[in-house]
Amino acid sequence: MFIKTIEPGEATGEIAELYDAEKQSMGRVMQATQCWSARPDIIVPVENLLHQIRDNFSLGLLNFRLITFVAAQHIPSSYCSHVYFRSLSGMLGRGQALAVRRDFRNAGLTIQQIEMLAYAEQISRDASRITEGDIQRLRDTGLSDLNIADIALAASFRSFMSRYFDAVGATVEPEFLDGDQAVRDEMAVGRT
């Protein structure tokens, strides 16, 4: 980490509660969470927004994670690529998670998921190029405006989060790194 943050043993009040909740759910406080503590007034609202988007995601947790994984590749964010590869491997299997990474259009996903990820990819690359035609393609697969808004929120929020993580020097925790060096290299799309 490039900046001073509040260490788990030093945390008090709302930050201590947030850290404790993460320790209970994940066994540790991730650097992605701890890096926000340099701005104690920001950490709780940012974490609350993440939970609001993710926990109420209209397309479910799997699709939230797929969007985050694809967005991380194009931002680019090594940290988020490693973390979300690990979580998707647990949900889809390692082989399909690798297939999504390499070419989501040919990874055994539904047409709706492919269009969803193409939209997330475009948001991550250059949202200013999105057209009404792009939105219509999403609707044509059965996605509602709520679904489309959620996809845009997830991809845009990942861009915000990932860029901040890199800007302050958050590094991926060793337990999120794949055991295969070639896969680790593949996930290292930004800062390594």
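Everything below is about the structure printed above this text.
Reference entry: report on the structure contained in this document.

1. Re the environment of Val-46
Then, in step 1: Tracing the backbone shows Val-46 in helix 3 (residues 40–55).
Then, in step 2: For the pair Val-46 and Phe-157, spaced 111 residues apart in the sequence, the C-alpha separation amounts to 10.0 Å.
Then, in step 3: Residue contacts for Val-46: discarding those within four places in its chain leaves Trp-36, Phe-157 and Met-161.

2. A look at helix 3
Then, in step 1: With 16 residues, helix 3 should cover 22 Å at 1.5 Å per step; its first-to-last C-alpha distance of 23 Å lies within 8% of that length.
Then, in step 2: Within the span of helix 3, buried status applies to Ile-43, Val-44, Val-46, Glu-47, Leu-50 and Ile-53.

3. Observations regarding the packing of aromatic side chains
Then, in step 1: Inspection of every chain in the model, using the stated rule, returns seven aromatic pairs.
Then, in step 2: Pairing Trp-36 with Phe-160 gives two aromatic rings, centres 5.5 Å apart and planes at 35°, and the pair type is tilted. Separated by 124 residues along the polypeptide, Trp-36 in the loop between helix 2 (31–34) and helix 3 and Phe-160 in helix 9 (residues 145–168) bring together distant segments of the chain.
Then, in step 3: On the accessibility criterion, Trp-36 (3% relative accessible area) is buried.
Then, in step 4: For Phe-160, a relative accessible area of 42% translates into the label partly exposed.
Then, in step 5: For the pair Phe-157 and Phe-160, a centre-to-centre distance of 6.0 Å together with 45° between the ring planes defines the contact as tilted. Taken together, the positions of Phe-157 and Phe-160, both in helix 9 and three residues apart, correspond to about one turn of that helix.
Then, in step 6: Looking at Phe-157, the relative accessible area reads 8%, which means it is buried.
Then, in step 7: Put simply, the rings of Trp-36, Tyr-79, Phe-157, Phe-160, Tyr-164 and Phe-165 touch in pairs and so form one group of aromatic residues.

Each value, and the rule that gives it
- Residues numbered from 1 in each chain as written.
- Predicted model: local features only at pLDDT ≥ 70, side-chain atom pairs only at ≥ 80, totals over all residues.
- Heavy atoms only, no water.
- Helix = DSSP H or I, 4+ residues; strand = E, 2+ residues; numbered from the N terminus.
- Contact = heavy atoms within 4.5 Å.
- Expected span 1.5 Å × (residues − 1).
- Buried < 20%, exposed > 50% of the residue type's maximum accessible area, 1.4 Å probe, protein only.
- Phe/Tyr/Trp six-rings, centres within 6.5 Å; stacked < 30°, edge-to-face > 60°.

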